[in-house]
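Remarks on the overall topology
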Amino acid sequence: MMTPSAPARFFFWPLLLAIVLLALWGRGWGIWLEPMWLDEAYSAYAAAQGWDFLWHVVPRYETHPPFYYSLLRAWTLLAGDGLVAHRLLGLVCGMLSLPLIALAAARLARIVNVDRRVVVLATLLIVAVSPVVVEMTREIRPYPAMILTYAGACLALLHIAERREAGLPLFGRPYIAYLGCTALILWLHNLGPLYAAALGLALLCVIRLQSMAKADWLWLAAGGCFVIAVWLPALFILLDQAPEWIKATWLHFSTRDLWRRATMLYTGPRDDMRAMAAILLLLGGALLWRTPRGRPLLAALGILAFLPLLLSLLISATITPVFIVRTMTALATPALLLMGLGIGWGRGRYGWLLPAAALVWLAFAQFGMVAATRAHPQGDWYRAVAWLQPRFAPGDQLFAYPNEGALPFDRAVRDHGSQLAWSLSDDTDGLIDTIDQSVRIALFRIAQEAINNAVRHAQANVLELKLKSTAHALTIEVADDGQGLSRSDRSAGGGIDNMVTRARLISAKLTLGTAREGKGTVMRVQMPLTLAKAGLLEESK
């Protein structure tokens, strides 16, 4: 008879590949379709301003340390500053989290003596389709980097626990990695101290204080001093800006459905997901509890998963509200490790059925949630751009209210491909300023109409305006890379008729044709200088 672990034993690598591809789909599919929302647009704006802005201006009005914006700037300098390039940083962090979580799951399975393959596959499956984890990984915010850092810290703590159990000293590569992750998460977000507090307490749970040597105590103190010293500049930024943020915040803390909102980051928004996750979580905790060497790890993982959440709720209730789900998403990592471990529960002949059923239910429910989310972007600024595009004419002004909407709208215009690259060259040596004013106005109106046609009707991305002069004539040329003109278009349309009429009134020659390389349109109006300076427009009236 095939045991529950047999499929994983025979098909481990194909199943692992399938889960990784599922995780890649959830985190990467459609990142080029969703416009940046407000906070993402601000991240892109800050990263584009330069190093001096990030380290001298941002700390004067932001409670967040400027490290993430600096990381994003360095990334965009290498990968480009388009929408996909910005989102790729989160995608890379999200995918790099998977091997760290898999290694941590394997170590937990070995400690409680259950099949590592089953636990790794189950844990990665839950991580791959966890709705909040997937959604935060797609954001141009520090959350993907926080998830990756916290996963690294969890793995380092498990390494430290094994070393201490084997009688090895505290100091080593796992301890260095733990200190690095702790310092990094302090610099990634202004709520980093909550994570650091949990990491510190979790470390105390696994290092076996009763067997600590003098050198171990010295390394423990030195490591703590190192992390605090590294964090001090970010702490000064937080202390300086926090009072202003508390005074100006528009957030309000509510206890309505608080337990559902607080637990959503671990499971998803539905109660059936919460129930299935609770079953797996309790079974994973039970496996650790019944193993003496697992009890310190259970305490450590519990602290890592829940202490920062409790502290953030306390801060929200007493000091100032915070975005709990977004800022605390990284806490899902230790909780998901416990859930994945729960699949190893197998008391009795059919004991494995309960965790297996809970896992299947949870995974299918979460997958459906992730798939549905892909069809509903958070703020569809592209629809706003598409609505405005045919209605916006040269000379129009656009006002954003509230003004914060200007940032995501500007990015949507750019990323949607609606940004117009234009160039102006004037080879007349100021001649345009010497001709009759009425002729200048007519020429301006002709050029304006040509630009309007390129933007509103030809959907041009590139536009060139050239002013040229010879000894006998002045020429204005407007060329674009838009859809071009058909033969019927050349004699129809109010805009083209207006240009032709204005050209005739000043005795200028107007031609319309195809731009270079057979793409787009070129409008050329040529005006004899003798007529331009004589002001034929007034005479024609």
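What comes next is a walk through the structure.

**Considerations on the overall build of the chain**
If you tally the helices and strands in the chain, you get 24 helices and five strands. Within the chain, the fraction of its 541 residues that count as buried is 48%. A sequence separation of at least 24 residues applies to 75% of the contacts in the chain between residues at least 6 apart.

**Side note on unusual backbone geometry**
The backbone of Asn 113 sits at a positive phi, close to 60 degrees, despite the residue not being glycine. Tracing the backbone through its elements, the reader meets Asn 113 in the loop between helix H5 (83-112) and helix H6 (116-129). Positive phi is not limited to glycine here, since Ser 507 has a value of about 60 degrees. By the element assignment, Ser 507 lies in the loop between helix H22 (494-505) and strand E4 (509-514). The class of Ser 507 is partly exposed, set by a relative accessible area of 38%.

**Digging into the packing of aromatic side chains**
Under the counting rule described, the total for this entry stands at twelve aromatic pairs. Aromatic pair Phe 12 and Trp 13: ring centres 5.0 Å apart, planes at 75 degrees, arrangement edge-to-face. On the basis of an interplanar angle of 40 degrees and a centroid distance of 6.4 Å, the ring pair of Tyr 42 and Tyr 45 is categorised as tilted. One end of the pair is Tyr 42 and the other is Tyr 45, both in helix H2 (residues 38-48) and three residues apart, which spans about a single turn. Tyr 45 gets classed as partly exposed once you look at its relative accessible area, which sits at 35%.

**A short note on the environment of Leu 54**
Within the secondary structure, Leu 54 is located in helix H3 (residues 51-57). What makes Leu 54 buried here is its relative accessible area of 0%. Placed twelve residues apart in sequence, Leu 54 and Pro 66 show a C-alpha to C-alpha distance of 5.9 Å. For Leu 54, the residues in contact, after removing those within four places along its chain, are Ala 46, Ala 47, Pro 59, Pro 66, Tyr 69, Ser 70 and Arg 73.

**Things to note about helix H9 (residues 173-188)**
Here H9 spans 22 Å end to end across 16 residues, near enough to the 22 Å set by a 1.5 Å rise per residue. Restricting attention to buried positions, one finds in H9 the residues Pro 174, Tyr 175, Tyr 178, Leu 179, Cys 181, Thr 182, Ala 183, Ile 185, Leu 186, Trp 187 and Leu 188. Buried residues belonging to H9 abut H3, helix H4 (67-79), helix H8 (143-165), helix H10 (192-206) and helix H11 (214-248).

**So, the packing of H6 against helix H17 (residues 353-373)**
Between H6 and H17, the least distance of the axes is 8 Å, while the angle of their chain directions is 25 degrees. On the basis of their axis angle, the class for H6 and H17 is roughly parallel. Between H6 and H17 the crossing geometry is left-handed. Contact residues: H6 offers Ala 122, Leu 125, Ile 126 and Val 129, while H17 offers Leu 359, Leu 362, Ala 363, Gln 366, Phe 367 and Val 370. When grouped by side-chain class, the residues that make up the contact of H6 with H17 number nine nonpolar, one polar and no charged.

What counts and how
Along each chain, residue indices are assigned from 1 in the same order as the chain's sequence is written. Where totals are concerned, whole chains, interfaces and linings use all residues; where local detail is concerned, this predicted model gives features only for residues with pLDDT of at least 70, and gives and counts side-chain atom pairs only at 80 or more. Side-chain descriptors were evaluated using all non-hydrogen atoms of the structure, hydrogens and water having been removed beforehand. Starting at the N terminus, helices and strands are each numbered in turn, a helix being any DSSP run of H or I of at least four residues and a strand any DSSP run of E of at least two. Exposure classes here rest on a 1.4 Å probe applied to the protein chains alone. A residue is buried below 20% of its type maximum, exposed above 50%, and partly exposed in between. Contact between two residues is taken to exist if any of their heavy atoms lie within 4.5 Å; hydrogens are not considered. Two aromatic rings from Phe, Tyr or Trp, using only the six-membered ring of Trp, form a pair when their centres are within 6.5 Å; if the ring planes differ by under 30 degrees the pair is stacked, by over 60 it is edge-to-face, and anything between is tilted. Any helix carries an expected span of 1.5 Å times its number of residues minus one. To define axes, lines are fitted to C-alpha atoms, for helices over the stretch in contact only, and angles between the resulting N-to-C directions are given on a 0 to 180 degree scale. Note that the term roughly parallel is reserved for angles under 35 degrees, roughly antiparallel for angles over 145, roughly perpendicular for angles of 65 to 115, and oblique for everything else. Left-handed describes a crossing whose near helix is turned anticlockwise from the far helix through less than a right angle; right-handed describes the clockwise counterpart. When residues are grouped by polarity, Ala, Val, Leu, Ile, Met, Phe, Trp, Tyr, Cys and Pro land in nonpolar, Asp, Glu, Lys and Arg in charged, and all others, Gly among them, in polar.

In short, shape yes, function no, at least from these values alone.
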